[in-house]
Number of protein chains: 2
Amino acid sequence: MTSDLGPNATSAESKAGVWNQKPAPTDESPASSGAAAEGELDLVDRWWRAANYLSVGQIYLRANPLLRRPLDPEDTKSRLLGHWGTTPGLNFVYAHLNRVIRRDRQEMLFIAGPGHGGPAVVANAWLEGTYPEIYSNVGGGADGLAELFRQFSYPGGIPSHAAPESPGSISEGGELGYSLAHAYGSVFDNPKLITAVVIGDGEAETGPLAASWHSHNFLDPVADGAVLPILHLNGYKIANPTVLARMPEAQLEQLLKGYGHKPLFVTVEDPDNTAQAHLDFARALDECLAEIRSIQEECRGSRNQDEDAPRWPMIVLRSPKGWTGPRVVDGKQVEGTWRSHQVPLDKVRTDPGHLAQLQEWLESYRPEELFDDGGRLRADVAANAPKGDLRMSATPHANGGVLLRDLKLPDYDRHAVEVTRPGVERVSPMITLGSWLRDVIAANPDTFRLFGPDETASNRLQNVYEATDKVWQYRIDALDEHLARAGRVMEVLSEHLCQGWLEGYLLTGRHGVFSCYEAFIHIVDSMFNQHAKWLKVHRALPWRQPVASLNYLLSSHVWQQDHNGFSHQDPGFIDHAVNKKAEVIRVYLPPDANTLLSVMEHCLRSRDYVNIVVSGKQPSPIWLGPEEAAHHCRRGLGIWAFAGSEVPGEEPDVVLACAGDVPTVETVAAAELLKAGAPGLKVRVVNVVDLMRLQDSGEHPHGLTARDFEGIFTADKPIIFAYHGYPALIHRLTYRRTNQEGLHVRGYKEEGTTTTPFDMAMLNGIDRFQLAIDAIDRVPGLAEKHSMLRQGLQDRRIKALNHTRKHGEDPEEIRNWSLA
Amino acid sequence: MTSDLGPNATSAESKAGVWNQKPAPTDESPASSGAAAEGELDLVDRWWRAANYLSVGQIYLRANPLLRRPLDPEDTKSRLLGHWGTTPGLNFVYAHLNRVIRRDRQEMLFIAGPGHGGPAVVANAWLEGTYPEIYSNVGGGADGLAELFRQFSYPGGIPSHAAPESPGSISEGGELGYSLAHAYGSVFDNPKLITAVVIGDGEAETGPLAASWHSHNFLDPVADGAVLPILHLNGYKIANPTVLARMPEAQLEQLLKGYGHKPLFVTVEDPDNTAQAHLDFARALDECLAEIRSIQEECRGSRNQDEDAPRWPMIVLRSPKGWTGPRVVDGKQVEGTWRSHQVPLDKVRTDPGHLAQLQEWLESYRPEELFDDGGRLRADVAANAPKGDLRMSATPHANGGVLLRDLKLPDYDRHAVEVTRPGVERVSPMITLGSWLRDVIAANPDTFRLFGPDETASNRLQNVYEATDKVWQYRIDALDEHLARAGRVMEVLSEHLCQGWLEGYLLTGRHGVFSCYEAFIHIVDSMFNQHAKWLKVHRALPWRQPVASLNYLLSSHVWQQDHNGFSHQDPGFIDHAVNKKAEVIRVYLPPDANTLLSVMEHCLRSRDYVNIVVSGKQPSPIWLGPEEAAHHCRRGLGIWAFAGSEVPGEEPDVVLACAGDVPTVETVAAAELLKAGAPGLKVRVVNVVDLMRLQDSGEHPHGLTARDFEGIFTADKPIIFAYHGYPALIHRLTYRRTNQEGLHVRGYKEEGTTTTPFDMAMLNGIDRFQLAIDAIDRVPGLAEKHSMLRQGLQDRRIKALNHTRKHGEDPEEIRNWSLA
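Here we summarise the structure given alongside this text. Keep in mind that this is a model prediction, so the values were computed, not measured. (Residues numbered from 1 in each chain as written. Chains lettered and ligands numbered in written order. Predicted model: local features only at pLDDT ≥ 70, side-chain atom pairs only at ≥ 80, totals over all residues. Heavy atoms only, no water.)

**Some points on the packing of helix α10 (residues 249–258) of chain A against helix α10 (residues 249–258) of chain B**
1) Next: Orientation of α10(A) relative to α10(B), taken along the N-to-C sense of each, is 135°, at an axis distance of 7 Å. As the angle between them shows, α10(A) and α10(B) are arranged oblique. Regarding α10(A) and α10(B), the two cross each other, and that crossing is left-handed. Judged by residue contacts, A:Gln251, A:Gln254, A:Leu255, A:Lys257 and A:Gly258 of α10(A) engage B:Gln251, B:Gln254, B:Leu255, B:Lys257 and B:Gly258 from α10(B).
2) Next: Of the residues in the contact of α10(A) with α10(B), the class split is 2 nonpolar, 6 polar and 2 charged. (Axes fitted to C-alpha atoms, helices over the stretch in contact; angles between N-to-C directions. Helix = DSSP H or I, 4+ residues; strand = E, 2+ residues; numbered from the N terminus. Parallel < 35°, antiparallel > 145°, perpendicular 65-115°, else oblique. Left-handed = near helix turned anticlockwise from the far one by under 90°. Contact = heavy atoms within 4.5 Å. Nonpolar A, V, L, I, M, F, W, Y, C, P; charged D, E, K, R; others polar.)

**So, the pairing of strand β15 (residues 585–588) of chain A**
Residues and elements named next belong to chain A.
1) Next: The alternating pattern of β15 places Ile-585 and Val-587 and Arg-586 and Tyr-588 on opposite faces, both of which are buried.
2) Next: Relative to strand β16 (residues 610–614), β15 runs parallel, the two being bridged by 4 bridges. Looking across to β16, one finds that Ile-585 is bridged to Val-610. (Buried < 20%, exposed > 50% of the residue type's maximum accessible area, 1.4 Å probe, protein only. Pairing = 2+ DSSP bridges.)

**Thoughts on helix α20 (residues 626–635) of chain B**
An α-helical segment advances 3.6 residues per turn. Residues three or four places apart therefore align on the same side.
Residue and element names in this part refer to chain B.
1) Next: All of the buried residues along α20 are Pro-626, Ala-629, Ala-630, His-632 and Cys-633. All buried residues of α20 fall inside an arc of 165° around its axis, so they share one side. The exposed set on the far side of α20, more than 90 degrees from its buried face, consists of Glu-627 and Arg-634.
2) Next: Tucked into the core, α20 has its buried residues touching α19 (593–605), β18 (637–639) and β20 (683–688).
3) Next: Remark: Gly-636 follows α20 within two positions and exhibits a positive phi of approximately 90°. (Arc of directions from axis to C-beta.)

**What about the pattern of salt bridges?**
1) Next: The full count for this structure, using the stated rule, is 102 salt bridges over all chains.
2) Next: A salt bridge links A:Asp104 to A:Arg103; the nearest nitrogen and oxygen atoms lie 2.7 Å apart. Assigned by exposure class, A:Asp104 and A:Arg103 land together as buried.
3) Next: Of the charged contacts, one joins B:Lys237 and B:Glu205 as a salt bridge, the two residues approaching to 2.9 Å between their closest N and O atoms. One end of the pair, B:Lys237, is in the loop between β3 (226–233) and α9 (243–246); the other, B:Glu205, is in the loop between β2 (194–200) and α8 (207–212), and 32 residues separate them in sequence. When sorted by exposure, B:Lys237 lands in the same class as B:Glu205, which is buried.
4) Next: Connected through salt bridges with shared partners, the residues A:Arg99, A:Arg103, A:Asp104, A:Asp286 and A:Arg293 form a single ionic network. (Salt bridge = Lys/Arg side-chain N within 4 Å of Asp/Glu carboxyl O.)

**Comments concerning the sheet that holds β18(B)**
Pairing between sheet strands relies on hydrogen bonds along the backbone, with the strands arranged either parallel or antiparallel.
Residue and element names in this part refer to chain B.
1) Next: Strand order in the open sheet made by the 5 strands is β18-β20-β19-β21-β22, with mixed pairing throughout. Both outer strands of the open sheet, β18 and β22 (743–746), are each paired with one neighbouring strand and no more. The mean angle between the axes of side-by-side strands here comes to 20°, regardless of whether they run parallel or antiparallel.
2) Next: Where helix α21 (residues 661–677) meets the sheet, it contacts β19 (654–659), β20 and β21 (719–723), and its direction lies at approximately 160° from that of β19.

**Points about the environment of A:Leu244**
Residue and element names in this part refer to chain A.
1) Next: Topologically, Leu-244 is positioned in helix α9 (residues 243–246).
2) Next: When its relative accessible area of 3% is taken as the criterion, Leu-244 is described as buried.
3) Next: Sequence separation between Leu-244 and Gly-173 is 71 residues; the distance between their C-alpha atoms is 20 Å.

**Some thoughts on a negative patch on the surface**
Residue and element names in this part refer to chain A.
1) Next: Taken together, the side chains of Asp-411, Asp-413, Glu-418, Glu-627 and Glu-628 define an acidic patch exposed on the protein surface.
2) Next: Looking at the element boundaries, Glu-627 is found in helix α20 (residues 626–635).
3) Next: When its relative accessible area of 72% is taken as the criterion, Glu-627 is described as exposed. (Patch = residues over 30% accessible without salt bridge, like charges linked within 9 Å, V, L, I, M, F, W, Y side chains within 5 Å. Areas by Shrake-Rupley, 256 points an atom, 1.4 Å probe, with all protein chains shown as cover. Lys, Arg positive; Asp, Glu negative; His and termini not counted. Charge placed at Lys NZ, Arg CZ, Asp CG, Glu CD.)

**Focus on the interface of chain B and chain A**
Interface size, as often reported, equals the accessible area lost upon joining of the parts.
1) Next: Every contact between the two is made by 125 residues of chain B and, on the other side, 125 residues of chain A.
2) Next: For the pairing of chain B and chain A, the buried interface totals around 9600 Å² over both sides, and the portion due to carbon and sulfur atoms is 53%.
3) Next: When the area that chain B buries against chain A is broken down by residue, the three leading residues are B:Arg246, B:Leu493 and B:His563, summing to 8%.
4) Next: The tally of links between chain B and chain A comes to 9 salt bridges.
5) Next: In this structure, the salt-bridge partner of B:Asp480 is A:Arg246, at a minimum N-O distance of 2.7 Å.
6) Next: Mapped onto the side of chain B that touches chain A, the elements with two or more residues apiece are α8, α9, α10, β7 (332–333), α17 (525–539), α18 (573–578), α23 (728–733) and α27 (787–807) of chain B.
7) Next: At 7 residues, the largest contribution of residues to the side of chain B that touches chain A is made by α17(B). (Buried area = accessible area lost by both parts, 1.4 Å probe.)

**Remarks on the state of the cysteines**
Residues and elements named next belong to chain B.
1) Next: The final tally for this structure, using the stated rule, is 0 disulfides over all chains.
2) Next: Free of any disulfide, Cys-288 has its nearest cysteine sulfur in Cys-299, 16 Å distant.
3) Next: When its relative accessible area of 0% is taken as the criterion, Cys-288 is described as buried.
4) Next: Of the cysteine sulfurs around Cys-658, a residue in no disulfide, the closest is that of Cys-633, at 13 Å.
5) Next: Judged by its relative accessible area of 0%, Cys-658 is buried. (Disulfide = S-S within 2.5 Å.)

Put into structure tokens, the structure is as follows:
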């Protein structure tokens, strides 16, 4: 059994792979292997040792990187902050993946799921030459090595997780649980890619990761690539064993089969017998790749739509935590226990025994075989690196902006609603948007997807099903509607999966929208945090190309929850998002269908942002014609002359401002009430679409200058601001504005219950009657002059409340109201 | 085979149960059953029909509840907002549980996991008489029934989910995914309780639910009760099939076995053959209960510690969505499809055919057999209800305040640190707290637990292990430390599980603390939302007794992330929490170990709050002796004379305020710099422990009056406020205060990187040098007078930054600083 598996072997023979000509079950004792195979695995082993050496160096050293002289305490870092435990396992997998990438010229992406995998990711990127190409201060040679080591977990340096700074990474390693979802996102519409994702057994205890195992039901083997999950059981988290590592192996096998996978187990029984470990893992990897290709070939040929979903292969790698590190320290076992999680030797500066052990540990990798005298990687180590873009650290899939194509955005005019008079026509903004998104999907059949937790139709986007279906691989019944093996809509009852898939999809170069109930988007607050932080860092890295923005489309919002009641009411995601860097965050509250179209088109063209768009789904008045709407959205806010009662050239007496669809209806209605009841009162109505316009231009790129702000909101007139969310945010955004004194904000104040939309507005005081009363109370002299009007508004308010309670619906005067 | 299974049967014979004398495999065709069994199941069936009738009534009717005359469109609600799909399945399970509760006098708690289970929960509570006992307007009889129907999903009425208003509920049904974690929380330290939790197959797609399956590894069969999961596969979510229902059954079985359970499958093959369904489910239920008791008896006897974890039984109930509802509507199949999710007949007001179908549907339950002429439940239906507290709707376990015992709180004095001079002694607040928590655990061996995602030791609470261990049921190795079958510490790498377990634990009457990295508590933002909303509603219900507060102890906070860097920095949970009702939320930022002890003791005594406590874990200065600390915490904030340079009886020139441990160190140091450099400057130092004191007394129960606020912060002097989190919150909390103009806040502004703590403070401008410079710049005339001092502070600032970047640690002047 011989085979030339050199770096450039690409023939069909070599593709078949030496290990899988006759795949041996991994749980049997291995057959003897040929010399070429051994040579190939020697190369893998050298790479692994080099990566381990560089990893230990990053954790410990700030000088003497090649051990040219015995280690001195001063060569080590004064604060030891890295993590060793997971690192050798990641390096092991990476080294092996390189073998098959070279052999097969396979496009692969690597995702490091376990926490604190930074040293491994960086080490391999350096070995592949990518790191020096990107960061010239960390080049090859002794100086570069010294800097590579110094910068790690050092002030001003790089973190101990995979991060935007890490070439080849699309998955932040700081907060755990998203690696597998990211992996699936990366291969959707990416048919040539295989993403190898190492899943930590600690990470595997998280909810998002546990749910992610079902992702293959949403992967189309024809048009999508493949994910190769490698569950890395090293037994321990920070301080505890892990659930998956400790359950009986038979149970674990059931679990993974239950998830729909075909697991191959590679268990490192003897940590010293690395040759056996290499052999076992290489076999398993070859078997997995063969199986993946076989599934793809079969499905891409003529798959029977009635067949069960394919059972994708995966690997369970059971290896000691801190493998190849110090076995025993101060009399306690370290390798193979949680004690190797962070730094196995924590007193190298003060304990000569620890320092000697560190020297011994580093030398165990035989650095002289790995680096030449100048500190450059030897050719017979470097030979394990794939070439060019095939290097996982240099793959364009991990720098998705390189691959990104602009969406073809069809004109939305034909979906926009012509307006005869503002506020008369009523349509559902979401249904209108759904029609345009249908066209977007049709025009971009492999670069755009819609993600949602079983709510696409509930959020009224069902028109997209005229152009596409929902992806589903398990059985499809005759009764099912819009389910198919392939499709542009991803529906699963997990906000975590929607978010994780979309992040992976965007960061590898495609576009998408996540539509969700407003209240439940908080489920992914923390994932949003990490993505916004990723974007902030990403934007500052010249080598990272801009990616499509992450677009949240929040419907079924706080003001229209009816029977769902209190649990479904929470407009606070905007507040949460605004804490993140202004350069990354955009918030839009389009007041009607036409403005929603304009806003969404803008969002789909944008790059490197998180766009939050909030829109109701119920039929609601159209205020602006298509052109006016586009103009209004470009400005981000504006005075609505049709709704107010201003006298040209004169200052208004009061400003009624609004942001959000329901507040806009109530504000326009309040202005009507005032016009009718208090003729001569100069009311200005201002609608805000782009919330960030309220901030000062110095604080947000979209912020208005002080002068423009005053031109719209006046310097000293009362402002009654009806806002979609928690009122504090409006105060916060306008904190530095003059006329803060005059600002009175109405918004959601957690007074929700089971009720109708208008009743809900009343409970929270943003209803038209209350807004009008607010204006009367704040314009000097008006309350006295119009005490009857004020009383009348109060009475109508109470009447409406009583009607609703009695009849279960809003009174006719509200239901049928439109701008006269 | 005969057995008297009447309502009060409690003999050993009856306990054995007729169905499990010889448990038949549920997948075989059933043996013929005896007459008594049939009679018993007839009773169950009558109950089921009654519950279904009441559920349909709630969804559709507002009058004519007993069908005394043919239905008129006006009898139906004008807006149909309920959900039918999951309801009959929940009713079915509930009816069956009642049978075994009666038979065995078994304490049981019912949790409805599927969304929109409200009609079922309410119907059963009404049938059991609990609803009328609590809500006198919804009594028995026709009027009560009419009101029961009317209030559901009606303005001012009750929501369509299980909610605090629902007797017997501890789990909000609005946001899905937490039922199983709640169930486990409810049985920890509750050895007699079995919690039956119905898990929706939609819900089962969520991350938190997927992770929850592993909870049994953290349940001690000796001291804890048991959970009986009933996975309800009705096939569809809102608009899609569900993953678990569609995967091949063999795969599902592997999955559930892989989770560590022993699943029993009950499949309703023929929806019309309800007798068979009853028989199958009763058998499975009996088998599960027998198995649970057998596990408990075995473990509670003399369990071999080396044994594998027990395999707890569970039921998979496969029944049609919308079972017993309209089979076909307008020519489309409804029963058994997603079309029954909401209202199967949606045009009853306008389409006579629909109305007739509704009438037929309601009559199919034979209401005349269920209710007497007065609309009262017939005795031969009511007989299926357990008595008194055994009713699941009336169980005290669902109203945990009834069972709540005060914690025995040991004096913390012996752990407090005596102070010779403020700021000289240094200890880790978290280590100190850990010692006291050890005593708390020892004094409360079955009513208090500590929950955390593998971070108890990382957060430096390891002293608790002197009194307890971490719970673990899988294999325990010789190498493991502090792992045991029983223990007070719950560690799993899932914030969702920690939160869900703790919520269940608190709401059933015990106490706990959730310790977590500050940044990652955002993972449970949405769960926090729901719990805070639960508490808000719960507090307003007179029949709900106060429960222990949910205590978050957030350590490893934003200012001390070092190598973890940007991904681990986010102090925004406080902002998120403050959006919720003021009456429920408390936020504490104790500046040292002694104040942390005092604050935590207060939190452990409190009821019905969410307490958020943020504290660092690194050794840091002690400012106040034990008594001063207690006094300071009682006041919530105070002037620190020792740190300032005020002249008694005179107004200060500047106020340096601080909230948070790191900001406090920097503020005191800044005051020292000013004292030394600008003698005669009157500096006031104010420390804030209880953040809510900043709000106005009208907005928060802890808020200071305007007068008290001015007494501390002055009416017009500059305030330099160094705050732990995002600065906007301080502006928000002090929004209505005079002297807003003078307030200058420094806090976290997303400038994180990999660095040292002091460098981090510098990057965000809350370091001592910057704060002193801020004061100089804001006190009129000072910048001119002390330009040299200002320049010197700038220089030292830059020097410190350079030192850190070069040496990897803060300069000595910072490291060894203490109050002179």
